Amino acid sequence: MSGGGLLVAGTTSDAGKSVVTAGICRWLVRRGVKVAPFKAQNMSLNSFVTREGAEIGRAQAMQAQAARVEPTALMNPVLLKPGSDRSSQVVLMGRPVGEMSARGYHGGRQEALLGTVTDCLEQLRSTYDAVICEGAGSPAEINLRRTDIVNMGIARAARFPVLVVGDIDRGGVFASFFGTTALLSAEDQSLVAGYLVNKFRGDVSLLEPGLDMLYGLTGRRTYGVLPYAHGLGIDEEDGLRVSLRGAVRESVVAPPHGEDVLRVAVCAVPLMSNFTDVDALAAEPGVVVRFVDRAEELADADLVVVPGTRGTVGALAWLRERGLAEALVRRAAEGRPVLGICGGFQVLGERIEDEVESRAGIVDGLGLLPVRVRFDRAKTLARPVGSALGEVVEGYEIHHGVADVRGGEPFLDGCRVGAVWGTHWHGSLESDAFRRRFLEEVARAAGRRFVPAPDTCFGVLREEQLDRLGDLVEEHADTDALWRLIEGGAPRGLPFVPPGAPSGPGDVGAAAGAGAPESRGTAPDPAPQSPEGLENPGSAASKGQGLENPGSAPAKGQGLENPGSAASKGQELENPGSAASKGQGLENPGSAPAKGQELENPRSAPAKGQGLENPRSAPAKGQGVENAGSTASKGPELEDAGSAGLGQEAEQHVDEEAL
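Residues numbered from 1 in each chain as written. Predicted model: local features only at pLDDT ≥ 70, side-chain atom pairs only at ≥ 80, totals over all residues. Heavy atoms only, no water.

Undergrad: Teacher, can you tell me more about the environment of His476 here?
TA: Examined against the element boundaries, His476 turns out to sit in helix 14 (residues 458–476). Looking at His476, the relative accessible area reads 1%, which means it is buried. In sequence terms His476 and Tyr223 are 253 residues apart; their C-alpha atoms lie 8.8 Å from each other. (Helix = DSSP H or I, 4+ residues; strand = E, 2+ residues; numbered from the N terminus. Buried < 20%, exposed > 50% of the residue type's maximum accessible area, 1.4 Å probe, protein only.)

Dropping the structure here:
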């Protein structure tokens, strides 16, 4: 029997879908449920390499960790890696298959991926008790609905209920909830079970009237109100349109272990990728990490990091235009520490030969390391293990550039010259012993009396962060009602909210009222039922569509003031009115009651022990799989991307054989 599931959608990008999905996964696995995350199609420059050598979004790797399972390509079958505002590299089942313009992709090419996406979901459902899907952007992207494979398309295919997350910290959350629902077709609306408020600050009782009115307008409950939580440190999804300038990441776990702090400046290069590499630095007490884009901001930095980028030649030009290149050369001559990672490593070399990514030909690098880089069409995807500074190091590689190291001291398949280090390895700083030795070297070269804490364990901190996400869901959402959604589907009889999806060529589903369920004035009876246990997860299956807008990219937020840190469990939030402590009820039971607490107003979120009326289920046959990392389907062919109106900056090539 196929496992149950839930689609976590959002009113906008960065509403909190990724962290809510991770929180639900951690809550479920702590309850003994075998759960997996899934995102049909992701757009992100922050990616990860699985053990079988497949490239997926870092957010899905983080969610897999929350679920305590090994990440695989099944969990993120389609990954788009932007190379500009108008084109992206398409990664299918963990392997790059070519560049494509946004217009070409949304002109129907993503429909060719539908079979692969649905096969992956079915394999996961045949293996796990529950699959928690993350949507992309908003489900109300009316211009993209016809070819959607990641929001309502996949929800309708699998008959999964949809929980819409809204970021109240941005404002306008009620209008966003209502508008998102009202722009969907009747059939899509029938799966929108309700809402989850994210990043709330203050007294929840002040929110209750709005939740009541929202119920009156839509006939849909609010399943919880999650407080604004600081220092979660969860992997962010994207960097395409994120301006990180001035953003500071600093550990709040403990004060500096030595007399001095260590200041790290990260060059916020265009198309910055895997900037999560510096999170392990920021997790160290006494290390302050900030993102910079001006040369003068490097003056007081003890270490400058040039991070990875999807556009190495463009990043090099940007460094030169802003005077940062000259500042880096000057730092190297003065013996002040510089670290280049992946694209940043390539920038520090003598020469770059690129006929693949930028097609710029031969370009001079900064000449700080004796390295020459040639771009190859084949992408290196690896999980290397090695040693440096006398310690074991693990990392992962994602790059087209092949480095010819012609001197210097060996350093993680790259090299070191004086106080300048370069490597293609992402994630190396998560190796605790190596990170401490590296920071000691940096402090010595910088003349700082900084001492790394002897007991900082990045893996433990990350586990604590994921547990905090699970705690937020468990303490501030109606988990009994959420489980009934996962097991049984959306409640039947949900009212249609006019006007519905606008009419247009090839529309999916009804527009205003056509074939719609009852009007919004007749909401389903919220009378409680007895809860069902976790022992027999329900099912719902079929095939899906869907896709987000590659032109969009979430802002960096997630309500994270300090992504590098991991506050201990039970740590108080800045505003105690926004989060009740564990075991304590919220002041207003109308939003997200404490466990066992009775509701005075059943129209927002039923207390634990209450049920939804007539939960829907639509079981179907799942497909077995012995190896979750295997390709679900070779998938249909895409035509050559060159015929799709690609911009000049895009590689006009798609590997049809790989598809």
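Undergrad: Where do I start with the pairing of strand 12 (residues 221–227) in this structure?
TA: Consecutive side chains along a regular strand alternate between the two faces of the sheet. Most of strand 12 sits out of view: seven of its seven residues are buried. As defined by bridge partners, strand 11 (residues 192–200) adjoins strand 12 across four bridges and the pair is classed as parallel. Among the inter-strand pairings, Tyr195 is bridged to a residue of strand 12, identified as Thr222. Tracing the backbone out of strand 11, into helix 8 (residues 208–218) and back to the parallel element strand 12 gives a crossover that is right-handed. (Pairing = 2+ DSSP bridges. Right-handed = clockwise from strand over helix to strand, strands pointing away.)

Undergrad: How should helix 13 (residues 432–446) be read in this particular structure?
TA: Side chains of residues three or four places apart in an α-helix project in the same direction, reflecting 3.6 residues per turn. Between its first and last C-alpha, helix 13 extends 21 Å over 15 residues, near the 21 Å set by a 1.5 Å rise per residue. Regarding helix 13, the residues found buried are Asp432, Phe434, Arg435, Arg436, Phe438, Leu439, Val442 and Ala443. (Expected span 1.5 Å × (residues − 1).)

Undergrad: In this structure, what is going on with the sheet that holds strand 6 (residues 78–82)? I would like to understand it.
TA: Strand pairing within a sheet occurs via backbone hydrogen bonds; the two strands may be parallel or antiparallel. Spatial ordering of the open sheet is given by 3-6-7-8, a layout of four strands whose pairing is mixed. Two strands bound the open sheet, and with one partner strand each, they are strand 3 (41–43) and strand 8 (95–101). Between one strand axis and the next, the sheet turns through 25° on average, direction left out of account. Relative to strand 7 (residues 87–92), strand 6 runs antiparallel, the two being bridged by five bridges. By the bridge assignment for strand 7, Pro82 is matched with Ser88. (Axes fitted to C-alpha atoms, helices over the stretch in contact; angles between N-to-C directions.)

Undergrad: I'm lost on the sheet that holds strand 2 (residues 35–38) in this one. Help?
TA: Strand order in this open sheet of six strands is 2-9-1-10-11-12, and the pairing throughout is parallel. Lying at the two open borders of the sheet, with one neighbouring strand each, are strand 2 and strand 12. Between one strand axis and the next, the sheet turns through 20° on average, direction left out of account. Two strands pair when backbone bridges link them, and strand 1 (residues 4–10) and strand 10 (residues 162–167) are joined in this way by four bridges, in the parallel orientation. Within strand 10, the position partnered with Ala9 by the bridge is Val164.

Undergrad: How should I be thinking about the packing of aromatic side chains in this particular structure?
TA: The geometry of an aromatic ring pair comes down to the distance between the two centres and the angle between the two planes. Evaluation of the coordinates by the stated rule reveals six aromatic pairs. Consider the rings of Phe411 and Phe434, whose centres lie 6.1 Å apart with planes at 40°: the pair is tilted. A residue pair is termed long-range when its members are at least 10 positions apart, and Phe411 in strand 26 (residues 409–411) and Phe434 in helix 13 qualify at 23 residues. Of the two residues examined, Phe411 and Phe434, each falls in the buried class. One aromatic cluster is present, built from ring pairs that chain together Phe411, Trp421, Phe434 and Phe438. (Phe/Tyr/Trp six-rings, centres within 6.5 Å; stacked < 30°, edge-to-face > 60°.)

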